[in-house]
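# Breakdown of the fold
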Amino acid sequence: EEQCQGENSERIVVLKLGGSSITDKGTLETLDQNMLDWVASVISNTTTSLYQNLSSCIVETAGHEEGNCSCCPTSNKLIRSKFVVVHGAGSFGHQIAKSYGLKGYTEEPPPDESAYNPEINSMEGLAQTRLSVTKLNWQVVQTLLRHSIPAVGISPFAVGLQAHGDPLLNKRGEFKTSADPMSTLMHVICNALQVGLTPVLHGDAVLYGQQRVGILSGDTLVSQISTRSELTDSLSCSASPGDEATIKTKQVDVIFLTDVDGVYTSDPKRDNHAILLPIIEVDSSGKIVSTGGKGLDIPICQKDGSSSSSSCGSTHEHDVTGGLETKLKAAIDIAKTGRVQVYIVKCGSADARRVINGESLLERGTLIRLISDPR
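About the thresholds
Residues numbered from 1 in each chain as written. Predicted model: local features only at pLDDT ≥ 70, side-chain atom pairs only at ≥ 80, totals over all residues. Heavy atoms only, no water. Helix = DSSP H or I, 4+ residues; strand = E, 2+ residues; numbered from the N terminus. Buried < 20%, exposed > 50% of the residue type's maximum accessible area, 1.4 Å probe, protein only. Contact = heavy atoms within 4.5 Å. Areas by Shrake-Rupley, 256 points an atom, 1.4 Å probe, with all protein chains shown as cover. Core = buried A, V, L, I, M, F, W, Y, C linked by side-chain atoms within 4.5 Å. Polar contact = N/O pair within 3.5 Å; in protein donor to acceptor, adjacent residues only side chain to side chain. Phe/Tyr/Trp six-rings, centres within 6.5 Å; stacked < 30°, edge-to-face > 60°. Expected span 1.5 Å × (residues − 1). Pairing = 2+ DSSP bridges. Salt bridge = Lys/Arg side-chain N within 4 Å of Asp/Glu carboxyl O. pLDDT = per-residue confidence, 0-100.

### A closer look at the overall build of the chain
Counting its secondary structure elements, the chain contains 11 helices and 11 strands. Across the 375 residues of the chain, 50% fall into the buried class. Long-range contacts, defined here as pairs at least 24 residues apart, represent 75% of the contacts in the chain between residues at least 6 apart. Accessible surface, the chain as shown: approximately 16700 Å² in total, 50% of it carbon and sulfur.

### Focus: the nonpolar core
In this structure, Leu185, Leu201, Ile225, Leu231 and Phe256 are the most contacted members of the largest nonpolar core, which totals 41 residues. The residues touching Phe256, leaving out its near neighbours within four places in the chain, are Lys16, Asp219, Val222, Lys327, Ala330, Ala331, Ile334, Val342, Tyr343, Ile344 and Val345. The next biggest cluster of nonpolar side chains, apart from the first, holds 31 residues, and it includes Leu31, Val85, Val200 and Ile255.

### What about helix α8 (residues 218-226)?
Every α-helix carries 3.6 residues per turn, so stepping three or four residues along brings you back to the same face. Across the 9 residues that make up α8, a large majority, 9, are buried. Structurally, the start of α8 carries an N-cap: the backbone nitrogen of Asp219 is 3.0 Å from a side-chain oxygen of Ser217.

### Some remarks on the side chain of Ser223
By the secondary structure assignment, Ser223 is in helix α8. Ignoring sequence-local partners within four residues, the contact set of Ser223 consists of Ala330, Asp333 and Ile334.

### Some points on the packing of aromatic side chains
According to the stated counting rule, one finds 1 aromatic pair in the structure shown. Relative to Tyr208, the ring of Tyr105 lies with its centre 3.8 Å away and its plane at 10°, an arrangement referred to as stacked. Taken as a pair, Tyr105 in the loop between α4 (94-99) and α5 (123-146) and Tyr208 in strand β5 (residues 204-208) lie far apart in primary sequence, 103 residues in all. For Tyr208, a relative accessible area of 5% gives the class buried.

### With respect to helix α7 (residues 181-194)
Relative to the 20 Å expected for 14 residues at 1.5 Å per residue, α7 spans 20 Å between its end C-alpha atoms, a close match to the ideal helical length. Two to three positions downstream of the cap, the backbone nitrogen of Met182 sits 3.0 Å from a side-chain oxygen, assigning the N-cap of α7 to Asp180. One or two steps after α7, the chain reaches Gly196, where phi turns positive at roughly 90°.

### Quick word on the pairing of strand β8 (residues 279-282)
Alternating residues of β8 divide into Ile279 and Glu281 and Ile280 and Val282, and every residue in both groups is buried. Bridge analysis of β8 against strand β11 (residues 366-370) gives 4 bridges, and the strand direction is parallel. Paired with Val282 across the strands is Leu370, a residue of β11. As paired elements, β8 and strand β9 (residues 288-290) share 2 bridges and run antiparallel to each other.

### A word on the pattern of salt bridges
Under the defined criterion, the tally for this structure stands at 16 salt bridges. For Lys329, the salt bridge goes to Asp333, with nearest N and O atoms at 3.0 Å. With Lys329 and Asp333 both in helix α10 (residues 324-335) and 4 residues apart, the pair spans about one turn of that helix. Residue classification places Lys329 among the partly exposed positions, given a relative accessible area of 23%. Put simply, Asp333 and Lys336 hold a salt bridge, and the shortest N to O gap is 3.7 Å. On the basis of relative accessible area, Asp333 is assigned to the buried category, the value being 13%. Linked through salt bridges whose partners overlap, the residues forming this network are Lys16, Asp219 and Lys327.

### Observations concerning the confidence of the model for the chain
Atomic detail in the predicted coordinates should be set aside for any region of low pLDDT. Of the residues in the chain, 70% have a pLDDT of 70 or more, and the chain-wide mean is 78. When pLDDT is averaged over each helix and strand of the chain, the minimum, 42, is found for helix α1 (residues 2-5) and the maximum, 98, for strand β3 (residues 151-153). Low pLDDT (under 50) marks residues 51-76, which in the prediction has 21 contacts with non-local residues, meaning those over four places away or in another chain. Taken as a whole, residues 317-322 scores under 50 in pLDDT and shows 22 contacts with residues more than four places along the chain or in a different chain.

Structure follows, in structure tokens:
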């Protein structure tokens, strides 16, 4: 009977939708509805197929003695996938942010804010950028709902996150607010997952320090969420009430959907000789130590984005968050923890469908992982 109960697994997928994948980044506030529908259909199929298998098993086992699983051998191990969706701004936000001089940050702001320039770091710029990006969030949520996915929009600004992704600390290392904003956000995400909702977050215009304004990149947000212990170490974050005892293992995958096949040695849109890197392995410090046999001398973006390669930046003139540089830094920061594997694949491709479905083998795409990770 114990064997027939099986070993259920919980799989959480943090899915980053690149702004250039679901919008026309060159045209103000223009959605690629076909691509967004594709994403929604794949998520819907992934989240429902396992429950359909379970339902058919219940029908097939009707009338059999309790614990007899011979008629339904595939039910012995059930993997349930739940999604946290994070989307970039694309043409909903970047152009407006750039017109106000706003940009993304990855480090905490300097303590001296005397250089604050209200003409550049304007609160009007924050408000206008947020108005634009929340329009996109509304459309993403609406599309997911049309595909029977119970999606709920969540804005980082609402919980007080700063542009660099971390909470703002005072000189004594204490939170300047009454609570850690990231802990608040994780609490909201976990509650949503527990009751069967799909959280949909987005890159956002937020405060940077006490007076400055900046852009919290969706890539930075993915890195912050995916490395939190609430998501990677605790079953209680996503397990529905009463299910904790039946779930034996937990898996967290991070998938970046972009407008190219993966990480290249240079920008494939500009260089016909660019080489796709099938795998990037890093050590615990985040240093790249292997690129799938392609050679470590290939000039790819390093953790700090320092490289002469054109693959580090963005090909979109309105991009204010760093393009692949920020994405690769985020992916490495996640992979070096050793708890999560990261995939960078092209949105709409067969490889994207496979990794979203939980299949790890790639034909065209980039897997980023810790060098000692046996998976």
